[in-house]
Amino acid sequence: MPVLKSIEPLSRPPLLHVSVQESLRKYIEANRLKAGDPLPPETYLAQQLGVGRNSVREAIKALESIGILETRRGIGVFVKEFSFKPLLDNLAYGLQDSLRDVEELREIRRVLETGLIAKTIEMISAEDIGELRRLTESMRQRAERSESFAEEDQQFHQMLFRCQNNHMLSALIDIFWVAFNKASDFTNLDNPTPLATWRDHHEIVEAVAAKDVDRARSRLDDHYRGIQQVIAKNRTI
């Protein structure tokens, strides 16, 4: 008697509202809809897709949650302007308190900034260097009072690369800065040497002003090494 082959299990079809989501994405892409463009009414979409209005509503809510659509009460559903915020929120939430993930984020920031600092040195204006010096002076004053200067720190890293006029880069720097600080709770960690942290930033600016690429990279490395030490110290407390 021949050996019979086993029956392949049925693949589970995707949930209906997931299929509707994909159809709505394809509709937006096929019609090249831009931010602010409206989608057809729910009733029309349901008829075209051959599904109930509840499935359309669920799909729209899901696409709202990831920043693709927005509902304007009493008006309709519109394509939303792209934002990294949903990605940022999910990234920070997913990382939570994982030391390995926090360390990987720190390393991504270090590699990104040390790799692009040479281009900043080629392009940065005297005005931007002046703004960076103003920020580091504010950091110094806060450090002397043992106050947090997280806001100035975020502005510093944005300003350092603003001259490159690369919106994707600016968004990535912001994403990794905010995600790192949320995941590590770095703002609330005990920093025994806030003046050393200020000095790192000050030395980065002066290296950039002197157009010394090697020194700027070295100072950035020192800065991220200091961050690693602060996190490690607080993990052992």
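Residues numbered from 1 in each chain as written. Predicted model: local features only at pLDDT ≥ 70, side-chain atom pairs only at ≥ 80, totals over all residues. Heavy atoms only, no water.

- Per an unreviewed UniProt entry, the recorded name for the protein chain is Putative transcriptional regulator protein,GntR family, and the organism is Mesorhizobium metallidurans STM 2683.

## Some words on the overall build of the protein chain
1) Next: A tally of regular secondary structure across the protein chain gives 10 helices and 2 strands.
2) Next: Along the protein chain, from the amino end to the carboxyl end, the secondary structure elements read α-α-α-β-β-α-α-α-α-α-α-α.
3) Next: When contacts within the protein chain are restricted to residue pairs at least 6 apart in sequence, those whose partners lie at least 24 apart make up 69%.
4) Next: When the accessible area of the protein chain is evaluated, it comes to approximately 14,600 Å², of which 53% is carbon and sulfur surface. (Helix = DSSP H or I, 4+ residues; strand = E, 2+ residues; numbered from the N terminus. Contact = heavy atoms within 4.5 Å. Areas by Shrake-Rupley, 256 points an atom, 1.4 Å probe, with all protein chains shown as cover.)

## Here's the deal with the layout of surface pockets
1) Next: As a volume, the second largest pocket reaches approximately 210 Å³.
2) Next: Contributing to the lining of the second largest pocket are Arg25, Ile28, Glu29, Ala35, Gly67, Ile68, Val79, Lys80 and Phe82.
3) Next: No other element matches the 3 residues that helix H1 (residues 16-30) contributes to the lining of the second largest pocket.
4) Next: Looking at the lining of the second largest pocket, its residues break down into 5 nonpolar, 1 polar and 3 charged. (1 Å grid on protein atoms, 1.4 Å probe; cavity = no way out; pocket = protein on both sides within 12 Å on 5 of 7 lines; lining within 4 Å. Points joined across faces, edges and corners; volume = space filled by probe spheres on them. Nonpolar A, V, L, I, M, F, W, Y, C, P; charged D, E, K, R; others polar.)

## A few points about the packing of helix H6 (residues 126-144) against helix H7 (residues 150-162)
1) Next: At a minimum axis separation of 10 Å, H6 and H7 run at an interaxial angle of 165°. Compared by their axis directions, H6 and H7 come out roughly antiparallel. The hand of the H6/H7 crossing is left-handed. Contacts between H6 and H7 pair Asp128, Glu131, Leu132, Arg134, Leu135, Thr136, Ser138, Met139 and Arg142 from the former with Glu152, Asp153, Gln155, Phe156, Met159, Leu160 and Arg162 from the latter. (Axes fitted to C-alpha atoms, helices over the stretch in contact; angles between N-to-C directions. Parallel < 35°, antiparallel > 145°, perpendicular 65-115°, else oblique. Left-handed = near helix turned anticlockwise from the far one by under 90°.)

## Here we look at the pairing of strand E1 (residues 69-72)
A regular strand carries its side chains on alternate faces of the sheet.
1) Next: Looking at chain direction, E1 and strand E2 (residues 76-79) are connected through 4 bridges and run antiparallel. Bridged to Arg72 within E2 is Gly76. (Pairing = 2+ DSSP bridges.)

## Details of the pattern of salt bridges
1) Next: Counted by the stated rule, this structure contains 20 salt bridges.
2) Next: In this structure, the salt-bridge partner of Glu107 is Arg106, at a minimum N-O distance of 3.7 Å.
3) Next: Looking at Glu107, the relative accessible area reads 28%, which means it is partly exposed.
4) Next: Of the charged contacts, one joins Asp212 and Arg215 as a salt bridge, the two residues approaching to 3.6 Å between their closest N and O atoms.
5) Next: Linked by salt bridges that have partners in common, Glu203, Asp212, Arg215, Arg219, Asp222 and Arg225 make up one network. (Salt bridge = Lys/Arg side-chain N within 4 Å of Asp/Glu carboxyl O. Buried < 20%, exposed > 50% of the residue type's maximum accessible area, 1.4 Å probe, protein only.)

## Details of the side chain of Asp128
1) Next: Mapped onto the secondary structure, Asp128 falls in helix H6.
2) Next: In this structure the side chain of Asp128 is engaged in a polar contact, spanning 2.6 Å, whose partner is the side chain of Arg162.
3) Next: If sequence neighbours within four positions are ignored, Asp128 has contacts with Met159, Arg162 and Cys163. (Polar contact = N/O pair within 3.5 Å; in protein donor to acceptor, adjacent residues only side chain to side chain.)

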